[in-house]
Amino acid sequence: MCGIIGYTGKEAAKDILINGLKQLEYRGYDSAGIAVLDEKTGIVMKKRVGKVAELEQAASGESTQATCGIGHTRWATHGGVTETNAHPHRQGSVTICHNGIIENYKELTAEYGLKNILNSETDTEVVAALLDKFYEGNPYKTIKKVIDLLAGSFALCIMFDDQPGQIFAIRNVSPMVAASFEGGSIIASDLTAVINFSKKYFVVPEYHILTLSQSGIDVQDLKGRKVEPEILEVNWDITSAQKGGYPHYMLKEINEQPEALERTIAPRIQDGLPFLEDDGIDDEVLKNLKSIVVVACGTAMHAGMVGKSLIESKLRIPVTVEIASEFRYKDPIIDSDTLVIVVSQSGETIDTLEALRLARKKGCKVLSIVNVKGSTIARESDYVLYTHAGPEIAVASTKAYTVQISAMYILAARIGYVKEILSADEVRDFMTRLSGVGEIMQETINSSNDIRRIANHIKTAPDVFYIGRGIDYTISLEASLKLKEISYIHAEAYAAGELKHGTIALISEQVPVIAIATEESVYAKVISNVREVKSRGAYVILICQEGKTESEEVCDKQIFIPKTDSEFGVFATAVILQLIAYYTSDAKGLDVDKPRNLAKSVTVE
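Values in this document were obtained by computation on a predicted structure and should not be read as measured data.

Criteria and cut-off values
- Residues numbered from 1 in each chain as written.
- Predicted model: local features only at pLDDT ≥ 70, side-chain atom pairs only at ≥ 80, totals over all residues.
- Heavy atoms only, no water.
- Phe/Tyr/Trp six-rings, centres within 6.5 Å; stacked < 30°, edge-to-face > 60°.
- Helix = DSSP H or I, 4+ residues; strand = E, 2+ residues; numbered from the N terminus.
- Buried < 20%, exposed > 50% of the residue type's maximum accessible area, 1.4 Å probe, protein only.
- Lys NZ or Arg CZ within 6 Å of the ring centre and 35° of its normal.
- Polar contact = N/O pair within 3.5 Å; in protein donor to acceptor, adjacent residues only side chain to side chain.
- Core = buried A, V, L, I, M, F, W, Y, C linked by side-chain atoms within 4.5 Å.
- Contact = heavy atoms within 4.5 Å.
- Lys, Arg positive; Asp, Glu negative; His and termini not counted.
- Salt bridge = Lys/Arg side-chain N within 4 Å of Asp/Glu carboxyl O.
- Axes fitted to C-alpha atoms, helices over the stretch in contact; angles between N-to-C directions.
- Parallel < 35°, antiparallel > 145°, perpendicular 65-115°, else oblique.
- Left-handed = near helix turned anticlockwise from the far one by under 90°.
- Nonpolar A, V, L, I, M, F, W, Y, C, P; charged D, E, K, R; others polar.

Caption draft 1: Just the packing of aromatic side chains, in detail. Per the stated rule, a full pass over the model turns up 13 aromatic pairs. Ring geometry for tyrosine 409 versus phenylalanine 571: centroids 5.7 Å apart, planes at 80°, classification edge-to-face. With tyrosine 409 in helix H13 (residues 399-418) and phenylalanine 571 in helix H19 (residues 566-587), this pair connects stretches of sequence that are 162 residues apart. Of the residues examined, tyrosine 409 reaches a relative accessible area of 0% and is grouped as buried. A relative accessible area of 1% means that phenylalanine 571 is categorised as buried. A network of ring pairs unites the aromatic residues Tyr135, Tyr140, Phe160 and Phe168 as a single cluster. Above the ring of phenylalanine 134, the side-chain terminus of lysine 145 is found at 4.3 Å from the ring centroid. If you follow arginine 596 out to its NZ or CZ, it ends over the ring of tyrosine 488, 3.8 Å from the centre.

As structure tokens, then:
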């Protein structure tokens, strides 16, 4: 949520900041602003509600050559969507941008008598006012004093009027990365805004004060000791974060899934067996586990549900999938025999991170499945299995979801092998079939033309229902989320066998029902449920494996996935369901990549 960019160096800052904000648009926002510190005229600030393009137009008349500035895209939390509430915020001689939530801002406002000087409704301006109130010429002393007062999460970029050419930064939970290069120093909430300048970067350590200047970046802990951060290197090119000729990032990322799966699976096979030694995952932990708890949010949780289905059916190990925001506020039944698997694309999801910390306090080993190197969740986990999806820009997750499933499958195979639940030959056969899912997905992508016509039919529907059994039900949950988040159509997923227990009352004439029936063992049962909704007037779209041709009495449209074992059909089915959501949103003329009210990474509660 929100985006921060800060630059100081040799070049004019205004254009660098605005271009950086464009790279951060996918994170979700409703207003944007920049502030540059001009040595001649002081702070020059521009803020606009709406898109970065509107900010760019508003700033086009500014002739400032200032080489130091900060920028922000805001996703409203405290206060409405207005220019006054947009960042940056300024109080006295202090200008700041902030990601996160200051939980005690009302108490601080009252305690320090700030109410009459605040212009906005935001928690952020309270921080700016405190910094200005305590500032006596020493940025480090002031920042440390204010930070001690704050409760909540924050990533702060700060400029003091009497410190030209310098940006100060500090964070707790909310992510930031930084890099220095020949042209100066840059800091941002996301690598996509940094990679144009340097492939070498570092994750800003929590509760450390950064000083960015033209000559480099100084990092100190709160005791004033200099710290050398761990330098990481980006393993993807900036073109990976561009559309590459596709009309939308989401369509590009759907098409990138076969390659992403190959990058995630292939390096983890040795002698035909799942190989996790390079990931540093200890076989003893897998061998000794008695139960598994998967903790995640949204799409990542749905990937965990697919993993649960596979692990329980093949290995007979109990798996619980928990919503991270619920897990962290209850007393979960976990112990040292429980392996907790946390799943997060960004590695910064706040609820998942706090759930991880709770699990570790309770003595559990934590294995994280994340896509971003050096992310907070990765650093705080005992073990990390990195997916290699590359940057995912569209808010609606696609390739991150399928590589997360593949990671769960690799783990399942390794657990089965080290526990001797599966023989070496059985595991090799499983990994061979897993290695082939990219080809199955590519075949599905190549034959997906009919999906456009289906999207045109359902784009005007007020409701869409998904039904399925077993693993098909778990993927229908993800499908309904995809459709509602980018097309704004009310969509729900139901276990097909539950229709008679109330939900069939929702079926009316021509309401679209998308039935997923790729599992051979329950195919006939699902078709029976399909007949029930069809007889009540539903417009039925049936997704099944090749060779399962049904009459018009059963369905109105049929979409086939290549014939494969049921447990691997999920990958091809995911492509079809993602494309249904994509083409429906596109047919409605909506912003596919940046749906309203949503952010790519949820870093505040």
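Caption draft 2: View of the side chain of aspartate 38. Of note, aspartate 38 is situated in strand S2 (residues 31-38). Overall, the relative accessible area of 12% leaves aspartate 38 in the buried class. Separated by 3.4 Å, the side chain of aspartate 38 and the backbone nitrogen of threonine 41 make a polar contact. Within the structure, the side chain of aspartate 38 is placed 2.7 Å from the side chain of threonine 64, a separation counted as a polar contact.

Caption draft 3: Focus on the nonpolar core. Core analysis: the biggest nonpolar cluster contains 95 residues, and Ile292, Ile341, Tyr409, Leu434, Tyr466, Phe571 and Ile580 have the highest contact counts within it. Top element by residues in this core is H19. It accounts for 13 residues. In this structure isoleucine 341 touches Ile292, Val293, Val294, Val295, Leu367, Ile369, Met408 and Leu411, once residues within four positions along its chain are discounted. In this structure, Ile16, Leu17, Ile34 and Leu191 belong to the second largest nonpolar core, which totals 29 residues.

Caption draft 4: Spatial organisation of the side chain of glutamate 253. Within the fold, glutamate 253 resides in helix H6 (residues 249-255). Despite being buried, glutamate 253 has no salt bridge partner; lysine 399 is the closest side chain of opposite charge, sitting 5.3 Å away. A polar contact is formed between the side chain of glutamate 253 and the backbone nitrogen of alanine 394, at a distance of 3.4 Å. For glutamate 253, the residues in contact, after removing those within four places along its chain, are Pro391, Glu392, Ile393, Ala394, Thr398 and Lys399.

Caption draft 5: Molecular detail of the packing of helix H15 (residues 437-446) against H19. Orientation of H15 relative to H19, taken along the N-to-C sense of each, is 30°, at an axis distance of 9 Å. Judged by the inter-axis angle, H15 sits roughly parallel to H19. Two packed elements cross with a definite hand, and for H15 against H19 that hand is right-handed. Where H15 abuts H19, its residues Val437, Ile440, Met441, Thr444 and Ile445 lie against Phe568, Phe571, Ala572, Val575 and Ile576. Grouping the constituent residues of the contact of H15 with H19 by class yields nine nonpolar, one polar and no charged.

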